[in-house]
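Structural overview
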Amino acid sequence: MTLIEAREDIQRLSIELERHNRLYYVEGNSDISDRDYDVMFRSLELLEERFPELASPNSPTRRVGGEPIEGFEQREHFLRMLSIDDVFSEEELTDVYQRLQRLLNLNNVKVVIEPKIDGVAVALHYQRGELAFAVTRGDGVAGDDITENVRTIGNVPLRLPDEAPEWLEVRGEVFMRNELFAALNQSREEEGLPTFKNPRNATAGTLKLLNSREVAKRPLDFIAHGMGRLDGVSVESVLDFQHLISGFGIPINSPIWVRDSLSGVLEVVRELGVKRLDLPYETDGAVIKVASREHQQSLGETSRAPRWAAAFKYPPEQKETVIRDITIQVGRTGVLTPVAELDPVLVSGTTVSRATLHNQDEIDRKDVRIGDAVLVEKAGEIIPAVVKVLPEKRGDGSQKYDIHEAVSGKCPSCASEIFRPKGFVAWKCPNPGCPAKSANRIKQFVSRKALDVEGVGNIVAEKLVERGLIHEALDLFSVGMEELAQLNLGTEESPRVLGAKKAENIVTTLARAKTAPLNRWIYALGIPQVGESAARELSRTHERLSQLKRSEILEELKTLKTGERKEDNPLLAPYQIAGEVGPTVARNVGLFFESPEGERALRRLGEIGINPASDNYAPLPAVIAADNPNPFTGKTFVITGTLSSPRSQIKESIQVHGGKVSGSVSQNTDFLLAGEGSGSKLDKAESLGIKVIGEDELEEMQATVGSATLK
Ligand code: IVH
């Protein structure tokens, strides 16, 4: 075969494969069998192997991903990638529309209304019809070059037809369909990998993978919603642009409406409020955009968002269902939590069949009974909750529920007699060896915020305890690789072992966890009332885990009377201890280390040779400040808007440098770190005269802190 013939064949096969790809992913009516597709794909692969000089980066064969990369290159946007201002009520939306009428001096402002897809914004750049690169929004000015990852997304065309303009930048949302997201989480759960909270997190996590072959296995989708740089073509409106790109096979948003009056807009927003619930992906609002490019340009933009667009955010959806039963879950600390078992309903795109009822008081207060019709809601990332009972629908068969009575006073996991500690609303299991408690403690121990032991998910944790391989989290360090590999995750009848590869992965991550910083270890131990922030504050004030056992600070904290402030206590004042650590935390830490369980933990750690050390030890902020002025010490930061890295990461880096991070702006805030799309917090900070900084300034501040002060 000559080079010319090969080129022709490669071209023919590529065009044909991409055509089928489009039919399958965009138009949903493929007319070729999987086998025929595979044969064609393989022929192309073989040709490209024989004539590597003819292989294009946009060949359909590249959709399966390529070699892993070290990290993402940064790429600047030609035009800033802005955010949209949110509105939360019809009144606010009315204000927005009336403002457009005023600014444009027009009665009938033509706008486009479409679903706001809850995914990750990406800009696709086509140069002379070829996908040249794809960039995340990043900080709006520059983002990560994720081209390799984007090439694997089935409905993103790699090549456009000949009539494509010289340069075409299409902006849109990468997302995951609800159904595919659920399937992904299920298989991760089975494999012992951490599950994703929601489709958006799964998408963001996937796009950050450095191995595009892994990305290719994840079910990502793309829908275009805006334009960036355009050379060699001009468009007059949003609608023209959509028409242009959909002609090129780029998927566009649907449904979409065009209206030119306030009443029309309000009507559509209400209609979409219902319709969006049937869409196969998560939407969190309606986007309203001025249709005409000329109008858009005359309206312009603020530093964070265009004046020609707004996002109407819908309140969380509530659905009616019936409580079929109430079951009990035994948590890490032995608390018995009642859970409503529901007739499955689709709420905000996912099927809900269980909801927490918290405790007996909550059941009594809401008067929840088995058989009741109830309203359930899934707000954001929180587990579904029962909002209220619909008493008017209560039938004769409804039954009151009492936890103690339902379990005949015994722990459903280990049958120990349950008790209600004084002043406590919950029933608890007293047995330190209760298997349900152990499994849940292990789950916390390995969780992302604790020691982040990849490979030990809920099922693995439960099976390890159930099969008697371990009784407590620290036993994980003594399970042999072979034993782990043989762990049966299935049933006796149909066994399914964990396998050598996963076992090895667990052992490697466990070895790494040994050197995790003190705050993660404190959190991992699962001491009641000691959350992530308290653990961090404890590691700021204590250098080693062993110090927590005989800590002057904690002893003094325990003696504080109600109403007495740490700031007024001469011993405690210099430590400037944050609100997260008070008498309750001090007492719980004390109780833990005095308990047989805590003593065992310390002993086991000693045996394994682990002595967790703080990585943010800075007990006396004032002394340190005088010695070496660290701009973070004793300062409280609030983070808002979209930033270039995940908020959790930025939060951690502020904390590592000695600062504190709080959720809301108040008089006590020292700095507001404002990213793209900062809204009410920014306004509040400005009104309080609080210093507002950007990511650049934060980095500068971090650079001034010498590594010595971090110790
Ligand atoms: S239009 C100036 N349309 O929401 C930005 N954005 O919160 C104009 N988004 O950054 C964007 N669905 O990533 C637009 N139908 C839609 C959208 C949409 C989701 C995202 C987009 C934007 C973010 C702002």
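All figures in this text were calculated on a predicted structure; none of them were measured in a lab.

Remember that side chains alternate between the two faces of the sheet whenever the strand is regular. Counting buried residues along strand β15 (residues 373–377), 4 of its 5 residues qualify, which places the element largely inside the surrounding structure. Summarising the sheet, strand β12 (residues 318–330) and β15 pair through 5 bridges and their orientation is antiparallel. Bridged to Q318 within β15 is E377. Where β15 lies against strand β16 (residues 385–389), 4 bridges are found, and the strand directions are antiparallel.

What follows concerns the site of the ligand. Around the ligand, the surrounding shell holds 15 residues, and the nearest of these are E114, P115, I117, R137 and E173. In the model, a nitrogen atom of the ligand is placed 2.6 Å from a nitrogen or oxygen of the E114 side chain. When the free accessible area of the ligand is taken as 520 Å², the share hidden by the protein chains comes to 89%. Those elements that place two or more of their residues in the shell around the ligand are β3 (111–117) and β10 (283–290).

What follows deals with the packing of aromatic side chains. Within this structure, the stated rule accounts for 12 aromatic pairs. With centroids separated by 4.8 Å and ring planes inclined at 85°, the aromatic side chains of Y24 and Y25 adopt a geometry described as edge-to-face. Assessed through its relative accessible area of 51%, Y24 is described here as exposed. Seen in terms of ring centroids, F312 and Y314 are 5.2 Å apart; in terms of plane orientation they differ by 75°. Their pairing is edge-to-face.

This paragraph deals with the pattern of salt bridges. This model, assessed by the stated rule, comprises 45 salt bridges. Linking D343 and R324 is a salt bridge whose minimum nitrogen-to-oxygen distance equals 2.9 Å. Here R324 lies in strand β12 and D343 lies in strand β13 (residues 336–347), a separation of 19 residues in the sequence. The exposed category is assigned to R324, whose relative accessible area is 51%. The residue R354 makes a salt bridge to E341 at a minimum N-O spacing of 2.8 Å.

On to the packing of helix α20 (residues 583–594) against helix α21 (residues 596–608), then. At a minimum axis distance of 4 Å, the contact between α20 and α21 shows a crossing angle of 70°. On the basis of their axis angle, the class for α20 and α21 is roughly perpendicular. Residue-level contacts link F592, F593 and E594 of α20 to P596, E597, G598, E599, A601 and L602 of α21. Residue classes in the contact of α20 with α21 are distributed as 5 nonpolar, 1 polar and 3 charged.

All right, on to unusual backbone geometry then. Residue S254 is joined to P255 through a cis peptide bond whose omega torsion reads 0°. With respect to the secondary-structure elements, P255 resides in the loop between α8 (238–247) and β9 (257–259). Phi at D367 takes a positive value of approximately 50°, unusual for a residue other than glycine. Along the polypeptide, D367 turns up in the loop between α11 (360–366) and β15. Even without being glycine, Q529 reaches a positive phi, approximately 70°. Along the chain, the position of Q529 falls in the loop between α17 (518–524) and α18 (532–541).

Bringing the environment of E492 into the picture now. Looking at the element boundaries, E492 is found in the loop between α15 (481–485) and α16 (500–513). A polar atom in the side chain of E492 sits 3.4 Å from the side chain of R467.

Take the nonpolar core next. Soluble globular proteins tend to pack their nonpolar side chains together in the buried interior. Residues F445, W521, V530, L538 and L557 are the most contacted members of the largest nonpolar core, which totals 57 residues. Those residues in contact with W521, other than ones at most four positions away along the chain, are F445, L451, L474, F477, A513, K514, A516, L605, I610 and P612. Within the second largest apolar cluster, 33 residues are counted, among which are V122, F181, A202 and F241.

All chains considered together, the criterion is met by 5 cavities of 30 Å³ or more. Roughly 170 Å³ of internal volume is contained in the largest cavity. Taken together, R441, F445, E472, A473, L474, A524, L525, G526, F592, E597, R600 and A601 form the lining of the largest cavity. Elements with a contribution of two residues or more to the lining of the largest cavity: α13 (435–446) and α21. In terms of residue count, α21 provides more of the lining of the largest cavity than any other element does, 3 residues in total. Residues that form the lining of the largest cavity fall into these classes: 7 nonpolar, 1 polar and 4 charged.

Time to look at the confidence of the model for the protein. Here the protein shows a mean pLDDT of 90. Residues at 70 or above account for 97%. Residue range residues 707–711 is modelled with pLDDT below 50. Its contacts to residues more than four positions away, or to other chains, number 8 contacts.

What follows covers the sheet that holds strand β17 (residues 636–640). Here 4 strands make up an open sheet; going across it, the order is β18-β17-β19-β20 and the pairing parallel. Only two strands of the sheet have a single partner each, and these edge strands are β18 (660–662) and β20 (691–693). Pairwise comparison of adjacent strand axes, ignoring direction, gives a mean angle of 35° for this sheet. Strand direction decides the pairing type here: β17 and β18, joined by 3 bridges, are parallel. Within β18, the residue paired with F637 across the bridge is V661. Relative to the sheet, helix α23 (residues 647–656) contacts β17, β18 and β19 (671–674), its axis offset from that of β17 by approximately 165°. Where helix α25 (residues 695–704) meets the sheet, its contacts fall on β17, β19 and β20, and the angle it forms with β20 comes to roughly 95°.

A few words now on the sheet that holds strand β7 (residues 167–175). Taken together, the 4 strands give an open sheet; going across it, the order is β5-β4-β7-β8, and neighbouring strands pair in antiparallel fashion. Two strands in the sheet have a free side with no partner beyond their single neighbour: β5 (130–136) and β8 (221–231). Adjacent strand axes in the sheet meet at a mean angle of 25° when their direction is disregarded. Pairing geometry for β7 and β8, over 8 bridges, is antiparallel. Bridge assignment links V170 to a residue of β8, and that residue is M227. Its contacts with the sheet place helix α6 (residues 199–207) against β4 (120–127) and β7, and it is angled at close to 45° to β4. Sheet strands in contact with α8 are β7 and β8, and its direction is about 85° off that of β7.

The next thing to look at is a negative patch on the surface. Together, D361, D364, D402 and E405 make up a region of like negative charge exposed at the surface. Along the polypeptide, D364 turns up in helix α11.

Quick look at the environment of C414 now. Along the chain, the position of C414 falls in the loop between α12 (403–406) and α13. Along the backbone, C414 and L518 are 104 residues apart, and their C-alpha atoms lie at a distance of 32 Å. Apart from the residues within four sequence positions on either side, C414 is in contact with C429, N431, C434 and P435.

Definitions and limits used
- Residues numbered from 1 in each chain as written.
- Predicted model: local features only at pLDDT ≥ 70, side-chain atom pairs only at ≥ 80, totals over all residues.
- Heavy atoms only, no water.
- Buried < 20%, exposed > 50% of the residue type's maximum accessible area, 1.4 Å probe, protein only.
- Helix = DSSP H or I, 4+ residues; strand = E, 2+ residues; numbered from the N terminus.
- Pairing = 2+ DSSP bridges.
- Near = heavy atom within 4 Å.
- Polar contact = N/O pair within 3.5 Å; in protein donor to acceptor, adjacent residues only side chain to side chain.
- Areas by Shrake-Rupley, 256 points an atom, 1.4 Å probe, with all protein chains shown as cover.
- Phe/Tyr/Trp six-rings, centres within 6.5 Å; stacked < 30°, edge-to-face > 60°.
- Salt bridge = Lys/Arg side-chain N within 4 Å of Asp/Glu carboxyl O.
- Axes fitted to C-alpha atoms, helices over the stretch in contact; angles between N-to-C directions.
- Parallel < 35°, antiparallel > 145°, perpendicular 65-115°, else oblique.
- Contact = heavy atoms within 4.5 Å.
- Nonpolar A, V, L, I, M, F, W, Y, C, P; charged D, E, K, R; others polar.
- Core = buried A, V, L, I, M, F, W, Y, C linked by side-chain atoms within 4.5 Å.
- 1 Å grid on protein atoms, 1.4 Å probe; cavity = no way out; pocket = protein on both sides within 12 Å on 5 of 7 lines; lining within 4 Å.
- Points joined across faces, edges and corners; volume = space filled by probe spheres on them.
- pLDDT = per-residue confidence, 0-100.
- Patch = residues over 30% accessible without salt bridge, like charges linked within 9 Å, V, L, I, M, F, W, Y side chains within 5 Å.
- Lys, Arg positive; Asp, Glu negative; His and termini not counted.
- Charge placed at Lys NZ, Arg CZ, Asp CG, Glu CD.

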